[in-house]
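# Commentary on secondary and tertiary structure
Residues per chain are reported as follows:
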2 protein chains.
Amino acid sequence: MTGRTGPADSEATRKPRRSTQQKSAISAELSTLGGFVSAQELHRLLNASGSGIGVATVYRQLNRLADDGEIDTVTSPDGERLFRSCHTAEHHHHIVCRQCGTAVEISPPVEQWLDDVGRSNGFTAISHTFEVFGICADCSTSAETS
Amino acid sequence: MTGRTGPADSEATRKPRRSTQQKSAISAELSTLGGFVSAQELHRLLNASGSGIGVATVYRQLNRLADDGEIDTVTSPDGERLFRSCHTAEHHHHIVCRQCGTAVEISPPVEQWLDDVGRSNGFTAISHTFEVFGICADCSTSAETS
DNA sequence: TCCACTAGTGATAACGACTATCAATAAATA
DNA sequence: TATTTATTGATAGTCGTTATCACTAGTGGA
Ligand SMILES: [Mn+2]
Ligand SMILES: [Mn+2]
Ligand SMILES: [Zn+2]
Ligand SMILES: [Zn+2]
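Structural notes, computed from the coordinates.

Rules behind the numbers
Residues numbered from 1 in each chain as written. Chains lettered and ligands numbered in written order. Predicted model: local features only at pLDDT ≥ 70, side-chain atom pairs only at ≥ 80, totals over all residues. Heavy atoms only, no water. Least-squares fit on C-alpha atoms with pLDDT ≥ 70 in both. Contact = heavy atoms within 4.5 Å. Helix = DSSP H or I, 4+ residues; strand = E, 2+ residues; numbered from the N terminus. Donors = N, O, S within 2.8 Å, 3.2 Å for Na, K, Ca; no water. Tetrahedral: all angles 85-135°; square planar, octahedral: opposite > 155°, others 65-115°. Buried area = accessible area lost by both parts, 1.4 Å probe. Salt bridge = Lys/Arg side-chain N within 4 Å of Asp/Glu carboxyl O. Polar contact = N/O pair within 3.5 Å; in protein donor to acceptor, adjacent residues only side chain to side chain. Nonpolar A, V, L, I, M, F, W, Y, C, P; charged D, E, K, R; others polar. Pairing = 2+ DSSP bridges. Near = heavy atom within 4 Å. Axes fitted to C-alpha atoms, helices over the stretch in contact; angles between N-to-C directions. Parallel < 35°, antiparallel > 145°, perpendicular 65-115°, else oblique.

## So, the relation of the copies chain B and chain A
Relative to chain A, chain B is turned by 179 degrees and slid 0.0 Å along the rotation axis, the superposed coordinates differing by an RMSD of 0.1 Å. When the rotation and shift are considered jointly, the pair of chain copies conforms to a two-fold rotation axis. Relative to the rotation axis, the closest C-alpha in chain B is found at Phe130(B), a distance of 2.2 Å. Mapped onto chain A, 100% of the interface residues of chain B again fall at the interface, so both copies present the same surface.

## Notes on the side chain of Lys23(A)
Among the secondary structure elements, Lys23(A) is positioned in helix α1 (residues 21-33). Apart from the residues lying within four places of it in its own chain, the contact partners of Lys23(A) are Arg17(A), Gln61(A) and Leu65(A).

## A short note on the coordination of the zinc ion (ligand 3)
All names here are of chain A. For the zinc ion (ligand 3), the full set of protein donor atoms is Cys97 (SG), Cys100 (SG), Cys136 (SG) and Cys139 (SG), at a range of 2.2 to 2.4 Å. Taken together, the four donor atoms surrounding the zinc ion (ligand 3) define angles of 106 to 114 degrees at the centre, an arrangement classified as tetrahedral. The motif formed by the donor residues of the zinc ion (ligand 3), counted along the single chain, is C-x2-C-x35-C-x2-C.

## Brief notes about the interface of chain B and chain A
Facing the 33 residues of chain B at the interface are 33 residues of chain A. When chain B packs against chain A, the two sides together hide about 2,400 Å² of surface, and 67% of this comes from carbon and sulfur. The tally of links from chain B across to chain A stands at zero salt bridges. Our enumeration of links across chain B and chain A arrives at twelve residue pairs in polar contact (both at pLDDT 80 or more). For the side of chain B that touches chain A, the secondary structure elements donating two or more residues are β4 (93-97), β5 (103-106), α4 (110-120), β6 (124-135) and α5 (137-144) of chain B. Taken together, the residues that form the side of chain B that touches chain A break down as 20 nonpolar, eleven polar and two charged. Here nine bridges tie strand β6 (residues 124-135) of chain A to β6(B), and the two strands are oriented antiparallel to one another. Across the sheet, the residue bridging to Thr129(A) is Glu131(B), located in β6(B).

## Observations concerning the protein's contact with DNA strand C
Neighbouring residues of DNA strand C: 21 residues in total, closest Arg18(A), Thr20(A), Thr57(A), Arg60(A) and Arg64(A). Here DNA strand C approaches the protein such that, of its atoms within 4 Å, sugar and phosphate make up 70%. Side-chain polar atom of Gln22(A) to a sugar or linking oxygen of DNA strand C: 3.0 Å apart, as the coordinates give it. Residue Thr57(A) places a side-chain N or O atom 2.9 Å away from a phosphate oxygen belonging to DNA strand C. Counting residues per element, the ones that place at least two in the surface near DNA strand C are α3 (55-67) of chain A together with α3 (55-67) of chain B.

## Points about the packing of helix α1 (residues 21-33) of chain B against helix α2 (residues 39-48) of chain B
Residues and elements named next belong to chain B. Their axes nearest at 11 Å, the elements α1 and α2 cross at an angle of 105 degrees. On the basis of their axis angle, the class for α1 and α2 is roughly perpendicular. Each of Ala25, Ile26, Glu29, Leu30 and Leu33 in α1 lies in contact with α2, whose residues at this interface are Leu42, Leu45 and Leu46.

Following this line, the structure appears as structure tokens:
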């Protein structure tokens, strides 16, 4: 066997991760934005700032960050995936503004309840998506004064 | 008043609806299936039964049936829309089997709770998607005996 | 510091679900 | 039956996302 570096890692969990400029740019942009954005829009924003980052890389890093639990994802009503920088470790949900992407975190008490309902119906391996959208205070006031 | 049943329709809500063989075939197939199916799979099933129905028509009728509230829709974890014949008038949710599409209806107490949480955070026009997937009893037992 | 190795990048093609188009067809109504 | 027009269906197009693959650039060792 050739000198494989790293600790006695189980090869199933192995995931080499190299820190690149692109990944930093993406994380940084997500942090400054604060709210949820689509991959496409993030790509637009980054390129507007003169970084010739490719769209494939944006998708790749976004997916990877999501896998690593460093960012949260949400699927918009029309099927587009949205991302936002978030370091809350536990499982939680959001209310997301349809207009500007601003979000607040919520923790509904449905998690345990769900498991019970599923089990009592013979269902196992239960997963759920609970996504809430609305119009935030800022967006609704600025809409009135239009 | 022309023999139109139901409320005095405002022309904005007017929607002429003609009963075709295709629509009947789709509804029938949905009824016999019982569970959730994608438009693509439904199209496949219908064509396997020798009805040269077009895929565009399947999508059209499915969307229309959903608009009219005659069927329920759910979005699978990978973004595909699923449909099933269901005549429960009120808003409700399902636990759907990832494998065979079998579903049971659930009515979580999150509806009102959600509105309150949203309002207390300044959010209005709140909409939500609450979708639950799992493996039904039948599918999990048949998987064990593989 | 330089090198070898390979993860990561990016232009682009491909994919898949879904919708728009439009000439042809078949319900509805008189 | 004749007229009208909603509906159909083959097909091209849209759009978000992923696969390819030659090239670039982190990384760890010499
Ligand atoms: Mn979060
Ligand atoms: Mn239902
Ligand atoms: Zn907003
Ligand atoms: Zn099942």
